[in-house]
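# A look at the structure
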Amino acid sequence: MKKYLFLALSIIALAVSSCSKPDPENMQFLGNYSGKLVSRTTITFYTEHESDVSDMNLTMNLVAGAQDNQVVANCVAYGQNFSMTGTINENKIVFDPATIDIALTDFISINLPIINTLDASVNITFNYSATLMHDNLLNVDYLYLDGTTNGNITAQALGIPVTFPLNGTSVGRVNKVG
């Protein structure tokens, strides 16, 4: 009788262990990331176009989303906290757009005297995708991000708000740090 009980328990244990669910698709992406993106932005001042190339420091904490193929990226860029929800397809995350408001002087490094005297703000929307990659030399996983950076600069000119559009692209990588 003990043999049959032991055999039955062994079969049940084998059946339960063989039915284990695979890891969710988002598991490989979860963690903390930090790095820089290079932003190339064109700002239109009336009919003039001014281009700016600048670095954007970005930290991201990716946590599991509502579905197995989703992540939520809690981010900090330009001193602002924001979140982006992303959907995973194979080895790539496509993030929903996220918008922040920052001071103009925190956003651009164009060397024009008028920029430093303006009371101006930037409303900017990030629209990014990220590919999970591995750097063999440094033995670190990282996300290669690319996408668009679009928005508006709003400045006060003689008490009247004036808006200038900005359009750009950003590329770079954030290394997994934890």
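It should be noted that the structure appears before, not after, this text.
Residues numbered from 1 in each chain as written. Predicted model: local features only at pLDDT ≥ 70, side-chain atom pairs only at ≥ 80, totals over all residues. Heavy atoms only, no water.

### Section: the overall build of the protein
If you tally the helices and strands in the protein, you get three helices and nine strands. Listing each helix as α and each strand as β along the protein from the N terminus yields α-β-β-β-β-β-β-α-α-β-β-β. Counting only residues that meet the buried cut, the protein has 35% of its 178 residues in that class. Sequence separation of at least 24 residues holds for 54% of the intrachain contacts in the protein that already meet a minimum separation of 6. (Helix = DSSP H or I, 4+ residues; strand = E, 2+ residues; numbered from the N terminus. Buried < 20%, exposed > 50% of the residue type's maximum accessible area, 1.4 Å probe, protein only. Contact = heavy atoms within 4.5 Å.)

### Quick notes on the nonpolar core
With 39 residues, the main nonpolar core has Leu-58, Met-60, Leu-62, Phe-82, Phe-95, Leu-143 and Leu-145 as its most contacted residues. A per-element tally of this core places strand E7 (residues 120-135) first, with seven residues. Those residues within four positions of Leu-145 in sequence are excluded, and the remaining contacts are Leu-37, Leu-58, Met-60, Tyr-128, Ser-129, Ala-130, Ser-170, Val-171, Gly-172 and Val-174. (Core = buried A, V, L, I, M, F, W, Y, C linked by side-chain atoms within 4.5 Å.)

### Section: the packing of aromatic side chains
Here the structure, examined in full by the defined rule, presents two aromatic pairs. Connected via pairs of aromatic rings, a cluster forms that spans Phe-82, Phe-126 and Tyr-128. Of note, Arg-173 hangs over the ring of Tyr-142, and the distance from its end group to the ring centre comes to 3.8 Å. (Phe/Tyr/Trp six-rings, centres within 6.5 Å; stacked < 30°, edge-to-face > 60°. Lys NZ or Arg CZ within 6 Å of the ring centre and 35° of its normal.)

### Some words on the pattern of salt bridges
Taken as a whole and judged by the stated rule, the model has one salt bridge. As a salt-bridge pair, Asp-135 and Arg-173 come within 3.1 Å of each other at their nearest N and O atoms. Here Asp-135, found in strand E7, pairs with Arg-173, found in strand E9 (residues 160-176); they are 38 residues apart in sequence, far enough to count as distant. When its relative accessible area of 15% is taken as the criterion, Asp-135 is described as buried. (Salt bridge = Lys/Arg side-chain N within 4 Å of Asp/Glu carboxyl O.)

### Topic: the side chain of Ser-129
Checked against the element boundaries, Ser-129 lands in strand E7. Not counting the four nearest positions on each side in its chain, Ser-129 is found in contact with Lys-92, Ile-93, Val-94, Phe-95, Tyr-144, Leu-145 and Asp-146.

### Points about the side chain of Thr-41
Mapped onto the elements, Thr-41 comes out in strand E1 (residues 31-45). Residue classification places Thr-41 among the buried residues on the basis of a relative accessible area of 2%. What Thr-41 contacts, discounting residues up to four positions off in sequence, is Glu-50, Ser-51, Asp-52, Phe-107, Leu-166, Asn-167 and Gly-168.

### Quick word on the pairing of strand E4 (residues 80-89)
Both strand E3 (residues 70-77) and E4 contribute to a ladder of eight bridges, which runs antiparallel. Counterpart to Val-71 in the pairing with E4 is Gly-86. From the end of E3 to the start of E4, which pair antiparallel, there are two residues, and Tyr-78 there has a positive phi angle of about 55 degrees. Taken together, the four bridges between E4 and strand E5 (residues 92-95) define a ladder with antiparallel strand orientation. Bridged to Thr-87 within E5 is Val-94. Counting the residues in the hairpin turn of E4 and E5 gives two residues, including Glu-90, whose phi is positive at 60 degrees. (Pairing = 2+ DSSP bridges.)

### Here's the deal with the environment of Ser-170
Examined against the element boundaries, Ser-170 turns out to sit in strand E9. Separated by 114 residues in the primary sequence, Ser-170 and Met-56 have C-alpha atoms spaced 8.7 Å apart. In this view, Ser-170 contacts Leu-37, Val-38, Ser-39, Tyr-128, Leu-145, Asp-146, Gly-147 and Thr-149; residues no more than four positions away in its chain are not counted. At 2.9 Å, the side chain of Ser-170 forms a polar contact with the side chain of Ser-39. A distance of 3.5 Å separates the side chain of Ser-170 from the side chain of Tyr-128, its partner in a polar contact. (Polar contact = N/O pair within 3.5 Å; in protein donor to acceptor, adjacent residues only side chain to side chain.)

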